[in-house]
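Read off the chains here:
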Amino acid sequence: MDVLAATEEDWYSPNHGRRLRVHGSSRPAGYFLYTNMKIRLFYLKLELKRALKCLPLMAAGAAVLMFFMGAAALLAGKALYGGQAAGRITVGVVLPENDILAKQVTSMLSSLESVKSICDLSYMSREECLEGMENGELLAALLIPEGFVQDIMSGVNTPVPVLLPENAGVESRIFKELADAGAQTLSAAQAGIYAGDEVLDQFHCSEARAQLERDLNRLYLEYSLPRGELFRKTAVSASGDVKPVVFYAISLFILALMLSAIPVSGFLQPLDPVLRRQLLLAGVGPVSMILSRILGLALLYMVLLLSAASAAVLTGAIPFSSALPAALLLLSVSASSLAVCAFQAAGNRMGGVLFLFLGATALHFFSGGILPLVFLPSAFQKAAPFLPPYIFIETVKMAVTAHWEPWIFAALPAVFLAGAFISLAFEVKRP
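Residues numbered from 1 in each chain as written. Predicted model: local features only at pLDDT ≥ 70, side-chain atom pairs only at ≥ 80, totals over all residues. Heavy atoms only, no water.

### Here's the deal with the sheet that holds strand β6 (residues 162-163)
Consideration 1: Spatially, the 4 strands line up as an open sheet ordered β4-β3-β5-β6, and their pairing is mixed. Two strands bound the open sheet, and with one partner strand each, they are β4 (119-123) and β6.
Consideration 2: Bridge analysis of strand β3 (residues 89-94) against strand β5 (residues 140-143) gives 4 bridges, and the strand direction is parallel. Residue Gly92 lies in a different strand from β5, and its bridge partner there is Ala141. (Pairing = 2+ DSSP bridges. Helix = DSSP H or I, 4+ residues; strand = E, 2+ residues; numbered from the N terminus.)

Right, dumping it as structure tokens:
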């Protein structure tokens, strides 16, 4: 601590940014820059040592979190893809009167494997459908308009109203995805028919339009109706490039990583006002205070991440790549920046714990970490790529698949800078 003491000849006032002369002696300007830098590095060293003393506490907390969240990952993956993705979806169908063709087509659709495996269609009136949705007996309703099938064959865009309850659950959202997929298939078919008609008109062969439309309708129906064959060739997963169990393991690992800062909340809480003023007088400014705390927590995060990554590489769970250490380093400083930001925004230890827990959990849900994004509203799907948990999850997914995208090495520093600047703003405003 002798670095913090001034000599009897020279006193440095960091608040005024100038050197005061005592007894007529002077020192070069570089001396004071060197002394100030040495003070800040000495303070960083003290903060890193203080952080390392918290490592056993963080490791114990992280182990407990990983145990419970590992069990949750297995249960979540089994719940999402264990036997069936969701419960049976009861759908009410309102058909126009005396429209035999519409009922035949609807019966054919209900016999498809992709529909029959999850949907139960019931034919009823509009009033019965509305009453069934109010009572919770129906999860969706289809209102087939008059002449719907004839309009499809002739290329007329006639929408089919789909009614969903106000508080639609996962099953209703799954049915909405099925309906949207069917509408897109019909749109593609109609676009092909329009294109064919346009080509015939350009070559003055309009008399062949009826035959072309019949042939195209037959081809499109042969392709789109037996969708079970498509699912045998292409695996579709709500969790993206990894298996559901792996996805939930990664997701809950990230959540546990962010929450593992709670056991070391004593290290992250804002400094005592008296200590803070003394540091300012010694030349340690707000930037050094915030960066030292971020780097101290990042050191703890790095120890945990390296331990987990080493175990995963040795067991063959993930392949080793040259980009892995850099990604882990960026992930640790980004996560620590957010944790420090939470405590700085709260202003005290207990508020920081609550703010970190609630903020991390909420952002994790909005990022698709608890329920996959495909089941969330479209607004959440568009906003998720800009949320830190989504970026963290994608980082670990890239480590698992060994397929690195360049954007991740720009997104992680952006998260770090955002958290550091917000933390610095709160630190500067403190009295």
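Next comes the rest of the description.
### Considerations on the confidence of the model for the protein
Consideration 1: Averaged over every residue, the pLDDT of the protein is 77; the share at 70 or more is 75%.
Consideration 2: Taken as a whole, residues 1-25 scores under 50 in pLDDT and shows 39 contacts with residues more than four places along the chain or in a different chain. (pLDDT = per-residue confidence, 0-100. Contact = heavy atoms within 4.5 Å.)

### What about the nonpolar core?
Consideration 1: Ile254, Leu268, Leu297, Tyr301 and Phe392 are the most contacted members of the largest nonpolar core, which has 56 residues in total.
Consideration 2: If you list the elements that add at least two residues to this core, you get α2 (55-81), α10 (244-259), α11 (265-268), α13 (286-314), α14 (324-346), α15 (349-366), α17 (388-401) and α18 (408-429). (Core = buried A, V, L, I, M, F, W, Y, C linked by side-chain atoms within 4.5 Å. Buried < 20%, exposed > 50% of the residue type's maximum accessible area, 1.4 Å probe, protein only.)

### Quick word on the packing of α10 against α13
Consideration 1: At a closest axis distance of 11 Å, the pairing of α10 and α13 adopts a crossing angle of 155°. In terms of their interaxial angle, α10 and α13 are classed as roughly antiparallel. The crossing of α10 and α13 is right-handed. In this structure, α10 uses Phe253, Leu257 and Met258 to contact α13, whose residues at the interface are Tyr301, Leu305 and Ala308.
Consideration 2: Looking at the contact of α10 with α13 residue by residue, the class counts come to 6 nonpolar, no polar and no charged. (Axes fitted to C-alpha atoms, helices over the stretch in contact; angles between N-to-C directions. Parallel < 35°, antiparallel > 145°, perpendicular 65-115°, else oblique. Left-handed = near helix turned anticlockwise from the far one by under 90°. Nonpolar A, V, L, I, M, F, W, Y, C, P; charged D, E, K, R; others polar.)

### A closer look at the pattern of salt bridges
Consideration 1: In total, this model carries 3 salt bridges according to the counting rule given.
Consideration 2: The residue Glu427 makes a salt bridge to Arg276 at a minimum N-O spacing of 2.6 Å. With Glu427 in helix α18 and Arg276 in helix α12 (residues 273-282), the pair connects residues that are 151 residues apart, well separated along the chain.
Consideration 3: Given a relative accessible area of 0%, Glu427 falls into the buried group. (Salt bridge = Lys/Arg side-chain N within 4 Å of Asp/Glu carboxyl O.)

### Details of unusual backbone geometry
Among all residues save glycine, negative phi is the norm, and among peptide bonds the norm is trans.
Consideration 1: Backbone geometry at His204 places phi at a positive 60°, although glycine is not the residue there.
Consideration 2: With respect to the helices, strands and loops of the structure, His204 is situated in the loop between α7 (170-202) and α8 (209-224).
Consideration 3: Backbone geometry places Ala402, a non-glycine residue, at a positive phi of 60°.
Consideration 4: Residue Ala402 is classed as partly exposed on the basis of its relative accessible area, which comes to 37%.

### Side note on the environment of Glu127
Consideration 1: For Glu127, the location among the structural elements is in helix α5 (residues 126-134).
Consideration 2: Along the backbone, Glu127 and Val94 are 33 residues apart, and their C-alpha atoms lie at a distance of 9.5 Å.

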